[in-house]
Protein chains: 2
Amino acid sequence: MAEKISFNTQIFSRVRLATESDVSHLHKLMYQMAKYHNYTKVFNATKASITTNLFKSDNPCPPFYSVTAFILEVSSDSFPQNTLKNPIFDPILRTVNLVSPILDSDLELFRTNNNISSILSEVDNKPLSSDNNVFVAGYVLFYPCYSGYFEKPGFFIENMFVRECYRKCGFGKMLFSAVASQAIKLGFTKVDWLTVGWNENAIDFYLGMGAYIMQDVKRFRLSGDGLDAFATNDQDGGDKI
Amino acid sequence: MAEKISFNTQIFSRVRLATESDVSHLHKLMYQMAKYHNYTKVFNATKASITTNLFKSDNPCPPFYSVTAFILEVSSDSFPQNTLKNPIFDPILRTVNLVSPILDSDLELFRTNNNISSILSEVDNKPLSSDNNVFVAGYVLFYPCYSGYFEKPGFFIENMFVRECYRKCGFGKMLFSAVASQAIKLGFTKVDWLTVGWNENAIDFYLGMGAYIMQDVKRFRLSGDGLDAFATNDQDGGDKI
């Protein structure tokens, strides 16, 4: 599969709500993102943990009320435009004209599971021509955030990732837009996220979209032994603190 | 009510899960916190919005799976020690010996609603001696946060506030501990929060508890017109991005 061109002049793309059938692809994407950020040493997400956090009864909240993932898919065939309206989230479609061809040497690894295609064709009530020709190219993971100061919640984007060969095509903005549009639909008034300071490309990208950096803010974390210390504190009773 | 001493040598305190009956007190506390942080100009939380976000079907998630509040209460009478176990969250009790007396000139404003006391006495199955002598002194607002890198979620603490006259008694740590202990109980592996850089007291307090500051991290926000722009983007279709 190595040297052939995957996409030549045009690429069709879709952002849709992730389902349990995407877990295996999500896990690969999350690991790639951890690698990009040099976090593989602490990476311990598993397919089982992704399933639990996103889709299982351990987290009984519907999409958008707790952690939620959108999947970015690409295809050389167009996605059906007249998909029935999804009550939770209507997939977003975009056609991108390529400046240069895209070679995806991991194409087969990221083929969308038949499972999904059959679900989609049920929704659409007709077979999809693109059934076997849809590939996962990225994802965004986000959850609602709340403040005591504001009437409305916001979304916090925790991860956003587009596979390397699909960058510079506007897919990052497409994923981000999907979250921002959904925020507006729900009446939410902000979208927040963190960026590491060395990632100048990302910082320029976000500033160019109209976002601003919150000044003079420090992010704290308590984890590991520091957090475990509070397990015993709870047993102490009395007037220790 | 001005000049009398509210608490002399000892103060009994309790951290419990907030209920809908606390909304009025929560709203006052949130406004006080906004005032402390000079955010009153943007403060637009209302009793209705707090009710919706924390307790209504607009957010169908149970406590700890979405935004959750703990209430800090104080009393000059002891809280019952042998309260029946609460399946969601066992109240945490502490007795604090005071170095100097506390004068709470807003005491009456923050009297716990009878509503709550009667709920508690039902749980306890006997009348509470402290029914009419319990006052709200602070709160913490937090929600679960997720990452694609990690197996387990964490908690993000959005607001933590102790009314001025009750500071320096360890109540901040008590509220924080309640969240940290709950994180451990649920198998969560971190607690995160933000602090403004000018708040040196808070920074010292958190570092002293074993927390660390995440270096080289920028917090972005998209809101207002910048966010609204994405509502129209969504209608564009085609290959604009």
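Scroll up a little and you will see the structure.
Residues numbered from 1 in each chain as written. Chains lettered and ligands numbered in written order. Predicted model: local features only at pLDDT ≥ 70, side-chain atom pairs only at ≥ 80, totals over all residues. Heavy atoms only, no water.

(A) Main features of the packing of aromatic side chains. With the rule as written, the count across this model stands at 45 aromatic pairs over all chains. Aromatic pair Trp193 of chain A and Phe220 of chain B: ring centres 5.5 Å apart, planes at 0°, arrangement stacked. With Trp193 of chain A in strand β6 (residues 190-196) and Phe220 of chain B in strand β8 (residues 217-223), this residue pair bridges two chains. On the accessibility criterion, Phe220 of chain B (0% relative accessible area) is buried. Linked through ring pairs, Phe64, Phe70, Phe89, Phe142, Phe155 and Phe188 of chain A together constitute an aromatic cluster. Positioned above the aromatic ring of Phe110 of chain A is the side chain of Lys28 of chain A, whose terminal nitrogen or guanidinium carbon lies 4.8 Å from the ring centre. Between the NZ or CZ atom of Arg167 of chain A and the centre of the ring of Tyr36 of chain A, over which it lies, the distance is 5.2 Å. (Phe/Tyr/Trp six-rings, centres within 6.5 Å; stacked < 30°, edge-to-face > 60°. Helix = DSSP H or I, 4+ residues; strand = E, 2+ residues; numbered from the N terminus. Buried < 20%, exposed > 50% of the residue type's maximum accessible area, 1.4 Å probe, protein only. Lys NZ or Arg CZ within 6 Å of the ring centre and 35° of its normal.)

(B) View of the state of the cysteines. According to the stated counting rule, one finds 1 disulfide over all chains in the structure shown. One disulfide in the model links Cys61 of chain A with Cys61 of chain B; its S-S distance is 2.3 Å. With Cys61 of chain A in the loop between α2 (47-55) and β2 (68-75) and Cys61 of chain B in the loop between α2 (47-55) and β2 (68-75), this residue pair bridges two chains. The exposure class of Cys61 of chain A is buried, given its relative accessible area of 11%. In this structure Cys165 of chain A is not part of a disulfide, and its nearest cysteine sulfur, from Cys169 of chain A, lies 8.6 Å away. (Disulfide = S-S within 2.5 Å.)

(C) Local environment of the sheet that holds strand β7 (residues 212-213) of chain A. Read across the sheet, 8 strands follow the order β3(A)-β1(A)-β2(A)-β4(A)-β5(A)-β6(A)-β8(B)-β7(A) without closing on themselves; strand pairing throughout is mixed. Edge positions in the sheet fall to β3 (92-97) and β7 of chain A, since each has one partner strand and no second. Note that strand β5 (residues 154-162) of chain A and β6 of chain A share 3 bridges and pair parallel. Of the residues in β6 of chain A, the one forming a bridge with Phe156 of chain A is Asp192 of chain A. Running at roughly 160° to β5 of chain A, helix α4 (residues 171-185) of chain A makes contact with β1 (10-17), β2, β3, β4 (134-145), β5 and β6 of chain A together with β8 of chain B of the sheet. (Pairing = 2+ DSSP bridges. Contact = heavy atoms within 4.5 Å. Axes fitted to C-alpha atoms, helices over the stretch in contact; angles between N-to-C directions.)

(D) Spatial organisation of α2 of chain A. Buried residues of α2 of chain A: Ser49, Ile50, Thr51, Asn53 and Leu54 of chain A, and no others. Summarising the contacts, the buried residues of α2 of chain A are in contact with α1 (23-36), β2 and β4 of chain A.

(E) Focus on the pairing of strand β6 (residues 190-196) of chain B. Extensive coverage of β6 of chain B is indicated by the burial of 6 of its 7 residues. Bridging between strand β8 (residues 217-223) of chain A and β6 of chain B involves 7 bridges; their strand directions are antiparallel. Within β6 of chain B, the position partnered with Arg221 of chain A by the bridge is Asp192 of chain B. Remark: the strand β5 (residues 154-162) of chain B/helix α4 (residues 171-185) of chain B/β6 of chain B crossover connection has right-handed handedness. (Right-handed = clockwise from strand over helix to strand, strands pointing away.)

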